[in-house]
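Residue-level listing of the chains:
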Amino acid sequence: KNQVEQSPQSLIILEGKNCTLQCNYTVSPFSNLRWYKQDTGRGPVSLTIMTFSENTKSNGRYTATLDADTKQSSLHITASQLSDSASYICVVSLMFSGGYNKLIFGAGTRLAVHP
Amino acid sequence: NAGVTQTPKFQVLKTGQSMTLQCAQDMNHNSMYWYRQDPGMGLRLIYYSASEGTTDKGEVPNGYNVSRLNKREFSLRLESAAPSQTSVYFCASIFGRGQGSTKLNTEAFFGQGTRLTVV
């Protein structure tokens, strides 16, 4: 069964600290893996996309890693800010013929950054 | 460039009422999607349209219908709303960017969501 599991479910950190969010998946055939940030009351916004040949990708203070052999990904946030408070969603994409991409969503990690 | 626009943002319905959620994208994307998001769960696919003129069921299609009116617009209809359809609904569209020998790197854009309550 194609699944994406994220941990922890929720996390509280102090402003300025670093944190790492985890994503494990059992999705095959794998196309790419994405991390999204979802602010409360808003739609998800893409942070990174990685194909199986990429093992790290950065977007400012966000760095995603991918180990396609162990089917694990992580999102590292450096020097956290209050605006980082959001849900972070790991999404794995399957590619089917006809141009349809099936996105398998994790339940997300809810991050709260406190001053 | 507005991206993906959904309307309405909030809606309260009585059980049995009908309504249509509207979605439009101005990015010339082929594929459009409707998802629902419930507490503690990942987004679940209701229906999708891989291209203009085609629609297909996703994981949780029961109680919904869709129309791909043209390349820009993809609407979701609840014919007879039920309390189990209380959720946040997201429309998304996908752009295919480049094509290698084994995979396609794609970007997905989401609307702001519609919070629907059925009482």
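Our subject is the structure listed above.
Residues numbered from 1 in each chain as written. Chains lettered and ligands numbered in written order. Predicted model: local features only at pLDDT ≥ 70, side-chain atom pairs only at ≥ 80, totals over all residues. Heavy atoms only, no water.

According to the stated counting rule, one finds 6 salt bridges over all chains in the structure shown. Salt-bridge contacts for A:D84 lead to A:R61; the nearest nitrogen and oxygen are separated by 2.8 Å. Pair noted here: A:D84 is in the loop between β8 (72-77) and β9 (86-95) and A:R61 is in the loop between β6 (56-59) and β7 (62-67), with a separation of 23 residues, a long-range link. A:R61 sits in the partly exposed class, given a relative accessible area of 25%. Note that B:D38 is salt-bridged to B:R44, the shortest N-O span being 2.7 Å. Look at B:D38 and you get buried, because its relative accessible area is 9%. Linked through salt bridges whose partners overlap, the residues forming this network are B:R36, B:D38 and B:R44. (Salt bridge = Lys/Arg side-chain N within 4 Å of Asp/Glu carboxyl O. Helix = DSSP H or I, 4+ residues; strand = E, 2+ residues; numbered from the N terminus. Buried < 20%, exposed > 50% of the residue type's maximum accessible area, 1.4 Å probe, protein only.)

Residues and elements named next belong to chain A. Of the two faces of strand β11 (residues 109-114), only one is covered, namely that formed by T109, L111 and V113; the face formed by R110, A112 and H114 stays uncovered. In this sheet, β11 lies alongside β9 in antiparallel orientation, the contact comprising 3 bridges. Bridge assignment links Y88 to a residue of β11, and that residue is T109. (Pairing = 2+ DSSP bridges.)

Turning our attention to the nonpolar core. Residues and elements named next belong to chain A. Counting 25 residues, the largest nonpolar core has V4, Y25, L33, W35, L75 and Y88 as the members making the most contacts within it. Elements with a contribution of two residues or more to this core: β3 (19-25), β4 (32-38), β5 (45-51), β7, β8, β9 and β11. In terms of residue count, the dominant contributor to this core is β9 (5 residues). Y88 has contacts with Q6, L21, W35, Y36, K37, L47, Y62, L75, I77, G108, T109 and L111, leaving out every residue within four places of it along the chain. (Core = buried A, V, L, I, M, F, W, Y, C linked by side-chain atoms within 4.5 Å. Contact = heavy atoms within 4.5 Å.)

Residues and elements named next belong to chain B. Inspection of the secondary structure puts S18 in the loop between β2 (10-13) and β3 (19-25). Spatially, the C-alpha atoms of S18 and L78 are 5.3 Å apart, while their sequence positions differ by 60 residues. With residues near it in sequence (within four places) discarded, S18 still touches L13, R77, L78 and E79. Separated by 3.2 Å, the side chains of S18 and R77 make a polar contact. (Polar contact = N/O pair within 3.5 Å; in protein donor to acceptor, adjacent residues only side chain to side chain.)

Here we take up the sheet that holds β6(A). Residues and elements named next belong to chain A. What the 5 strands build is an open sheet, ordered β1-β3-β8-β7-β6; its pairing is antiparallel. One side of each edge strand has no neighbouring strand; the edge strands of this open sheet are β1 (4-7) and β6. Pairwise comparison of adjacent strand axes, ignoring direction, gives a mean angle of 15 degrees for this sheet. Bridge analysis of β3 against β8 gives 6 bridges, and the strand direction is antiparallel. Pairing of C23 across the sheet is with S73, part of β8. (Axes fitted to C-alpha atoms, helices over the stretch in contact; angles between N-to-C directions.)

This part takes up unusual backbone geometry. The step from A:S7 to A:P8 runs through a cis peptide bond, and the omega angle for that step is -10 degrees. Looking along the chain, the bond that leaves B:T7 and enters B:P8 is cis, with omega of -5 degrees. Inspection of the secondary structure puts B:P8 in the loop between β1 (4-7) and β2. The phi angle at A:K71 is positive, at roughly 60 degrees, despite the residue not being glycine. The topology assignment puts A:K71 in the loop between β7 and β8. Residue class for A:K71 comes out partly exposed when judged on its relative accessible area of 31%. The phi dihedral of B:N28 falls on the positive side, at around 60 degrees, and the residue is not glycine. Here B:N28 lies in the loop between β3 and β4 (31-37).

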